[in-house]
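# Observations on the three-dimensional arrangement
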Amino acid sequence: MNFPDLHPWDLTYSAAIALQKDLATRVELRNRLRRPLSHVAGVDVSYRKHGDQFFAAVVVLSFPHLEPIEVADFSARVNFPYIPGLLSFRELPVLLQAFRRLRTVPDLVLVDGQGIAHPRRFGLASHLGLWLDLPTIGCAKSRLTSMAQMPEEDKGATSPLTDKGELIGTLLRSRARVKPLYISPGHRLDIPTAARLTLDCTGRYRMPEPTRLAHLETNRLRREAEAARV
DNA sequence: GCGACAG
DNA sequence: ATCTTGTCGC
């Protein structure tokens, strides 16, 4: 089964899966963080239901104070469809363009989506981490693959995320009494460190500051573009 | 064969 | 993710 127009990857469905399996062997799950950590980035993408215009943003914050340092945007048309398990082929190209406009090289990147908590252990955060050669964390709002018991209701409570008997991440309560986040390392981090750093980047909101601010920026861009064209 | 299914 | 108004709760 093929799907048309896989731009800019030009891959069939089965070739995309084979590529993920191959690239997954290059993912590092050991800590390779630059210390001390001084710059943490968050990335996000938004678009409209009808229309293929995508808006990507990367925001760099200081660490540990989480003050915004730099913002880079990029917008373009995307025609790769959303297919569960193949999200990176849809969102990665526009995200990489946004990174090209960034001057600061972050020490860590938080991503809206899964890391290794993915059927082939290669979610968007892993793909971005390999491409940028940077440590990344997948901070997803809902599950793709994985099982877990619910953590306690207090902020910082965790429970292990597993798939087929394998430990692949952490279910993290980022705020008291909110739906927990699905945290998994994307690249160059181990599972406990990914959860710990996510918590360190989280303030009074459910989403960690880097991805939360990237999300706001992405929506600001979209509203601006819609207002600009008549 | 029947669900589940990041954003 | 997006569409879309009001509404319940701290």
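Conventions used here
Every chain is numbered on its own, with residues counted from 1 as its sequence reads. Starting at A for chains and at 1 for ligands, labels are handed out in the order in which the entities are written. Residue-level local features of this predicted model are given only where pLDDT is at least 70; pairs of side-chain atoms are given and counted only at 80 or more, and the full residue set underlies all totals for whole chains, interfaces and linings. Heavy atoms throughout the structure, all of them, feed into the side-chain values; hydrogens and water do not. UniProt positions are given in the numbering used here, feature names are shortened, and annotations may be inferred rather than shown by experiment. Helix and strand definitions here come from DSSP, where helices need a minimum of 4 consecutive H or I residues and strands a minimum of 2 consecutive E residues; each element is numbered from the N-terminal end. Atoms considered for the radius of gyration are the C-alpha atoms alone. The globule rule reads 2.2 Å times the number of residues to the power 0.38. Categorising residues by exposure relies on relative accessible area from a 1.4 Å probe, with only protein chains included: less than 20% of the type maximum marks a residue as buried, more than 50% marks it as exposed, and the intermediate range marks it as partly exposed. Should any heavy atoms of two residues lie within 4.5 Å, those residues are counted as being in contact. Within the patch definition used here, like charges are joined within 9 Å and nonpolar side chains (Val, Leu, Ile, Met, Phe, Trp, Tyr) within 5 Å, considering only residues with over 30% relative accessible area and no salt bridge. To be clear on the numbers: accessible area is Shrake-Rupley with a 1.4 Å probe, and residue cover counts the displayed protein chains and nothing else. Think of a salt bridge as a Lys or Arg side-chain nitrogen and an Asp or Glu carboxyl oxygen that are within 4 Å of each other. The convention is simple: Lys and Arg are positive, Asp and Glu are negative, and His and the chain ends are not counted. One atom stands in for each charge, and that atom is NZ of Lys, CZ of Arg, CG of Asp or CD of Glu. Near is defined per residue: the residue qualifies when any heavy atom it owns lies within 4 Å of the molecule or strand. Polar contact criterion, stated in full: a pair of N or O atoms within 3.5 Å, where within protein one must be able to donate a hydrogen and the other to accept it, and residues adjacent in sequence count only if both atoms are side-chain atoms. The classification used treats Ala, Val, Leu, Ile, Met, Phe, Trp, Tyr, Cys and Pro as nonpolar, Asp, Glu, Lys and Arg as charged, and all other residues, Gly among them, as polar.

If you look chain A up in an unreviewed UniProt entry, it shows as Endonuclease V from Geothermobacter hydrogeniphilus. Regarding chain A, the UniProt comment filed under Function (unreviewed entry) reads as follows: "DNA repair enzyme involved in the repair of deaminated bases. Selectively cleaves double-stranded DNA at the second phosphodiester bond 3' to a deoxyinosine leaving behind the intact lesion on the nicked DNA."

Right, let's talk about the overall build of chain A for a bit. For chain A, the count of helices and strands is 5 helices and 8 strands. Against the 2.2 N^0.38 benchmark of 17 Å for 230 residues, chain A shows a C-alpha radius of gyration of 17 Å, consistent with a compact globule. Taken along the three principal axes of its C-alpha coordinates, chain A extends 50 × 40 × 35 Å. Across the 230 residues in chain A, those meeting the buried criterion constitute 54%. At a minimum sequence separation of 6, the contacts of chain A that also span at least 24 residues come to 64%.

What follows is about a positive patch on the surface. On the surface, K155, R175, R177 and R204 cluster together to form a positively charged patch. With respect to the element layout, R177 can be found in the loop between β7 (166-172) and β8 (181-187).

The next point concerns the protein's contact with DNA strand B. In the neighbourhood of DNA strand B, 19 residues make up the surrounding shell, with Y47, Y82, K141, S142 and R143 lying closest. Here a base nitrogen of DNA strand B sits 3.1 Å away from a polar atom, N or O, in the main chain of G85. For DNA strand B, a base nitrogen lies 3.0 Å from a polar atom in the backbone of Q114. Here the surface near DNA strand B takes 3 residues from helix α2 (residues 87-100), the largest share from any one element. Taken together, the residues of the surface near DNA strand B break down into 8 nonpolar, 6 polar and 5 charged.

To continue, consider the pattern of salt bridges. Between side chains of opposite charge, pairing is possible as soon as their charged atoms come close. Within this structure, the stated rule accounts for 15 salt bridges. For R196, the salt bridge goes to D200, with nearest N and O atoms at 3.0 Å. You can see R196 and its partner D200 sitting in helix α4 (residues 191-200), 4 residues apart, about one turn around the helix. Exposure remark for D200: the relative accessible area of 28% places this residue in the partly exposed category. Measuring nitrogen to oxygen at the nearest pair gives 3.8 Å for the salt bridge that ties E226 to R222. Taken as a pair, E226 and R222 lie in helix α5 (residues 209-228) at a separation of 4 residues, close to a single helical turn.

Turning next to the environment of G51. Relative to the elements of secondary structure, G51 occurs in the loop between β1 (39-47) and β2 (53-62). According to the relative accessible area criterion, G51 is partly exposed, its value standing at 48%. In sequence terms G51 and N79 are 28 residues apart; their C-alpha atoms lie 9.5 Å from each other.

Around DNA strand C lies a shell formed by S46, Y47, R48, K49, K141, H215, N219 and R222. Of all atoms in DNA strand C that approach within 4 Å of the protein, 88% are sugar or phosphate atoms. In the model, a phosphate oxygen of DNA strand C is placed 2.8 Å from a nitrogen or oxygen of the K141 side chain. The leading source of residues in the surface near DNA strand C is α5, at 3 residues. For the surface near DNA strand C, the per-class residue count stands at 1 nonpolar, 3 polar and 4 charged.

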